[in-house]
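Here are the chains, one letter per residue:
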Amino acid sequence: MASSRCDLRTPAPQFLRLVLTTHASLPPQPLYYVFHRFLHNPKVYKASHQHHHTSIITEAISGTSHPLLESVGYLANFSFPFLVPAWCGCFSFPLVYLYFTFFDVLNCIGHCNFELVPRWAQKGPLKWLLYTGAYHSLHHSKFKFNFVLFCPMWDYMCGTVR
């Protein structure tokens, strides 16, 4: 009798679909957006998030410069792409490493202060799906715009894109 559970030793296509779908559209992106807007509340900003924004001219490491409680909030948010598949009985350790590599690369793209995304990818539908170094740099210099994690559609839908 075959098991309905995923094989834990190999990446599972179902798990990959679940991770990508969950990360791109369900909890992490909009939750991050709301959490990040909350961090820009003047009292919260002064008590915590101001530390991250001391990097007006960002560097790749700027993306990981957060106080402890803020880091815990991020970790809780970013755990959805693994908790949801695990709750569904489909988990793959190799994809955890792939996910965090992908996540760190995108985080560095946003904070490296250099435009790595080609100009053609910044137009049309991709501009809603992938942020760029210039896009996120505006957030660090203006503070009131471009709050998204990696997917600008939330800024476009909420009127906070610049």
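Check the entry above for the structure.
Summarised in this report is the structure supplied together with it. (Residues numbered from 1 in each chain as written. Predicted model: local features only at pLDDT ≥ 70, side-chain atom pairs only at ≥ 80, totals over all residues. Heavy atoms only, no water.)

### Quick notes on the overall build of the chain
Tallying secondary structure elements over the chain gives 9 helices and 0 strands in all. Starting at the N terminus, the α and β elements of the chain follow one another as α-α-α-α-α-α-α-α-α. Every one of the 162 residues in the chain was classed for burial, and the buried ones make up 41%. Looking at the chain alone, contacts between residues at least 24 apart form 61% of all its contacts between residues at least 6 apart. Accessible surface computed for the chain: about 9,600 Å², of which carbon and sulfur atoms make up 70%. (Helix = DSSP H or I, 4+ residues; strand = E, 2+ residues; numbered from the N terminus. Buried < 20%, exposed > 50% of the residue type's maximum accessible area, 1.4 Å probe, protein only. Contact = heavy atoms within 4.5 Å. Areas by Shrake-Rupley, 256 points an atom, 1.4 Å probe, with all protein chains shown as cover.)

### Notes on unusual backbone geometry
Its identity as a non-glycine residue notwithstanding, Asn113 has a phi of 60 degrees, on the positive side. Assignment of secondary structure puts Asn113 in the loop between α6 (93–111) and α7 (126–129). For Asn113, a relative accessible area of 42% gives the class partly exposed. Although it is not a glycine, Asn146 sits at a positive phi angle of roughly 55 degrees. Mapped onto the elements, Asn146 comes out in the loop between α8 (133–142) and α9 (153–158). Under the relative-accessibility criterion, Asn146 is labelled buried at 0%.

### Remarks on the nonpolar core
If you look at the biggest cluster of nonpolar residues, it comprises 24 residues, and the most contacted ones within it are Phe78, Phe103, Leu149, Phe150 and Trp154. Only α2 (28–39), α4 (68–78), α6 and α9 provide two or more residues apiece to this core. With 5 residues, α6 is the single largest residue contributor to this core. (Core = buried A, V, L, I, M, F, W, Y, C linked by side-chain atoms within 4.5 Å.)

### Comments concerning the packing of α6 against α8
At a minimum axis separation of 6 Å, α6 and α8 run at an interaxial angle of 65 degrees. For the pair α6 and α8, contact is made by Ile109, Gly110 and His111 and by Gly133, His136 and His140, respectively. (Axes fitted to C-alpha atoms, helices over the stretch in contact; angles between N-to-C directions.)

### Looking at α6
Taking 1.5 Å of rise per residue, 19 residues should cover 27 Å, and α6 covers 27 Å from first to last C-alpha, within 8% of that figure. Along α6, the residues that are buried comprise Leu95, Val96, Tyr99, Phe103, Leu106, Asn107, Ile109, Gly110 and His111. Two residues or fewer past α6, Asn113 is found with a positive phi of approximately 60 degrees. (Expected span 1.5 Å × (residues − 1).)

### What about the side chain of Asn146?
Reaching out from Asn146, the side chain makes a polar contact with the backbone oxygen of Tyr135 at a distance of 2.8 Å. Look past the residues within four positions of Asn146 in its chain and what remains in contact with it is Tyr135, His136, Leu138, His139, Asp155, Thr160, Val161 and Arg162. (Polar contact = N/O pair within 3.5 Å; in protein donor to acceptor, adjacent residues only side chain to side chain.)

### Focus: a nonpolar patch on the surface
Together, Trp120, Leu126, Trp128, Leu129 and Met157 make up an exposed nonpolar region whose accessible area comes to about 560 Å². When residues of the nonpolar patch are assigned to their parent elements, the largest contribution, 3 residues, is made by α7. Structurally, Trp128 is set in helix α7. (Patch = residues over 30% accessible without salt bridge, like charges linked within 9 Å, V, L, I, M, F, W, Y side chains within 5 Å. Salt bridge = Lys/Arg side-chain N within 4 Å of Asp/Glu carboxyl O.)

### Quick notes on helix α5 (residues 80–87)
Restricting attention to buried positions, one finds in α5 the residues Pro81, Phe82 and Pro85. For α5, the buried positions fall inside an angular range of 95 degrees around the axis, keeping them on one side. (Arc of directions from axis to C-beta.)

### Observations concerning the state of the cysteines
On inspection of all chains with the given rule, the structure shows 0 disulfides. Here Cys108 stays free of any disulfide, with the sulfur of Cys112 as its closest cysteine sulfur at 7.6 Å. (Disulfide = S-S within 2.5 Å.)

Treat this as a map of the structure, not an account of what it does.
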